Structure formats: C-alpha cells, structure tokens
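# Examining the three-dimensional arrangement
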Amino acid sequence: MGKLLSGHYGAEPEAESIPLSLKECSQKLNLKPSDFVSEGPPKFFEKDFGAAGRYLLFLTDPREVRESPVWKTGYYLLPLEAKDVLAALEKRRDGATEEQRILPIEWESESGVPAEIREKAMAWANASQPLFFKCICKNLTLRCYPPWALRRRWKARLRCPKRCQPPLVTLL
C-alpha cells in the first residue's frame, strides 16, 4: 500500500494520506507509469526550481510493484486533475483534519435491478463517497446499467447532480 504526499515545491511533504493501493490510485486519480519522477526523494524537495504552488505525489510500496513490468518503486507526480485530492489531505490551522461529510445517495429510476446488484452498488457508492470532497450538492445520484452487448457485468455510475466533479463508474 502506497500513500499520497502533498507539499510546496522546495520543501518536504507537509501531509500524507492513509494507505492507498496502486490500483486505486491509477483508477481513481488517473496515475500512469509515465508520471514516474524518481526512485529516491525528488530534487524538488530541496529546491523549488522556480516552480510555484504545490505538488501531489504517490509513493509506491515496493511489494506492490515487484511483479509489474511497467510500474517502478518510487515517486509518481500526479496529474493536475487530481489536485482536488489536496483538499482531503489539507489540515486546518488548529491541526485537526476536516470532517468528512456523508451525502445521501438517491437512485436514478431504473427498473429491473436485482436486489443483490442494488446492495453491491450501494456498498460501492458508500465506499467511494470520500472522493466527492469538493462537491457542493446535497445528495449524490446512483444509477445501474444492465449488461449489454459485450459487457457481461452490471455497470454502476455515481455522480453529483450539478456535476461538480466527474462521475465515478465501476463494474459490479
């Protein structure tokens, strides 16, 4: 299990996340093998090289990438689309982390969804809620799509009605 690191260029990381798997990071935060920076601590920890702002890195666990031909052990710089993750890692001035807000989930009308699929989709939606930390909506919408054509599994989509963030999609 790796972890996300956040800080200002020219300084050591100021915040880190709970353990996060490489698979989750690549799926949910669009991390790619081409985002690799270095095996050891990057040079921008000591010097900012004229870069302003913050960085967001993923530090891989050597056990997780041992068998992979494309992933290396080390630091990966996350793409700019993942900048919203910083809000989840930010600390308030008093040192306490911001409380996580749980949003109610509403089903978009879809008839014929089996009870087992509904339960799996609702469990996935509840587990995925922390990724909607910048959402200003009062609820989230969950919709299941039946197997179709070559897809043999149910597809679930979780999104906010105002589209504050991109929707999350998974196969059940």
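Everything discussed here concerns the structure shown above.
Cut-offs and rules
Residues numbered from 1 in each chain as written. Predicted model: local features only at pLDDT ≥ 70, side-chain atom pairs only at ≥ 80, totals over all residues. Heavy atoms only, no water. Helix = DSSP H or I, 4+ residues; strand = E, 2+ residues; numbered from the N terminus. Buried < 20%, exposed > 50% of the residue type's maximum accessible area, 1.4 Å probe, protein only. Areas by Shrake-Rupley, 256 points an atom, 1.4 Å probe, with all protein chains shown as cover. Pairing = 2+ DSSP bridges. Axes fitted to C-alpha atoms, helices over the stretch in contact; angles between N-to-C directions. Salt bridge = Lys/Arg side-chain N within 4 Å of Asp/Glu carboxyl O. Core = buried A, V, L, I, M, F, W, Y, C linked by side-chain atoms within 4.5 Å. Contact = heavy atoms within 4.5 Å. Polar contact = N/O pair within 3.5 Å; in protein donor to acceptor, adjacent residues only side chain to side chain. Expected span 1.5 Å × (residues − 1). Arc of directions from axis to C-beta.

A separate point is the overall build of the protein. If you tally the helices and strands in the protein, you get four helices and nine strands. Helices and strands in the protein line up, N terminus first, as β-β-α-β-β-α-β-α-β-α-β-β-β. Across the 172 residues of the protein, 37% fall into the buried class. With the model as given, the accessible surface of the protein reaches about 11100 Å², and the carbon-plus-sulfur share is 53%.

Turning to the sheet that holds strand β6 (residues 105-107), a few remarks are in order. The sheet built from four strands is open, its strands ordered β6-β7-β8-β9 with mixed pairing. A strand with exactly one partner marks an edge of an open sheet, and here the two such strands are β6 and β9 (168-171). Geometrically, the sheet is characterised by an average inter-axis angle of 25° between neighbouring strands, direction not taken into account. Pairing of strand β8 (residues 155-159) with β9, which is carried by four bridges, proceeds in the antiparallel orientation. Bridging from a neighbouring strand, Arg 157 pairs with Val 169 of β9.

Right, let's talk about the pattern of salt bridges for a bit. The tally for this structure, following the rule as stated, stands at five salt bridges. Close ionic contact of Arg 63 with Asp 61 constitutes a salt bridge, the shortest N to O distance being 3.0 Å. Under the relative-accessibility criterion, Arg 63 is labelled exposed at 61%. Here Glu 116 makes a salt bridge to Lys 120, at a shortest N to O gap of 3.7 Å.

Next up on the list: the nonpolar core. Of all hydrophobic cores here, the largest spans 17 residues; its most connected members are Trp 124, Leu 142, Cys 144, Ala 156, Leu 158 and Leu 172. Residue assignment for this core shows that the elements contributing at least two residues are α4 (115-128), β7 (140-145) and β8. Listed in part, the twelve residues of the second largest apolar core include Leu 22, Cys 25, Leu 56 and Val 65.

So, on to unusual backbone geometry. Backbone geometry places Ala 149, a non-glycine residue, at a positive phi of 55°. Structurally, the position occupied by Ala 149 is in the loop between β7 and β8. Residue classification places Ala 149 among the exposed residues on the basis of a relative accessible area of 60%.

A separate point is the environment of Tyr 145. Note that Tyr 145 resides in strand β7. Since its relative accessible area comes to 22%, Tyr 145 is described here as partly exposed. Distance in space between the C-alpha atoms of Tyr 145 and Ala 156 is 6.3 Å, their sequence separation being eleven residues. Not counting residues up to four positions away in its chain, the partners in contact with Tyr 145 are Arg 151, Trp 154, Lys 155 and Arg 157. Within polar-contact distance, the side chain of Tyr 145 engages the side chain of Arg 157 at 3.1 Å.

A word on α4. For α4, with 14 residues, the first-to-last C-alpha span of 20 Å sits near the 20 Å given by 1.5 Å per residue. Regarding α4, the residues found buried are Ile 117, Ala 121, Trp 124, Ala 125 and Ser 128. With its buried residues spanning 100° around the axis, α4 presents them on a single face. α4 presents Ala 115, Glu 116, Glu 119 and Ala 127 as exposed residues on the side facing more than 90 degrees away from its buried surface.

Our next topic: the side chain of Thr 60. Relative to the helices and strands, Thr 60 resides in the loop between β4 (54-59) and α2 (62-65). On the accessibility criterion, Thr 60 (5% relative accessible area) is buried. Within the structure, the side chain of Thr 60 is placed 3.4 Å from the backbone oxygen of Lys 72, a separation counted as a polar contact. Of note is the side chain of Thr 60, whose polar atom sits 2.9 Å from the backbone nitrogen of Gly 74. In contact with Thr 60, other than residues within four places in its own chain, are Gly 2, Leu 22, Val 65, Lys 72, Thr 73, Gly 74 and Tyr 76.

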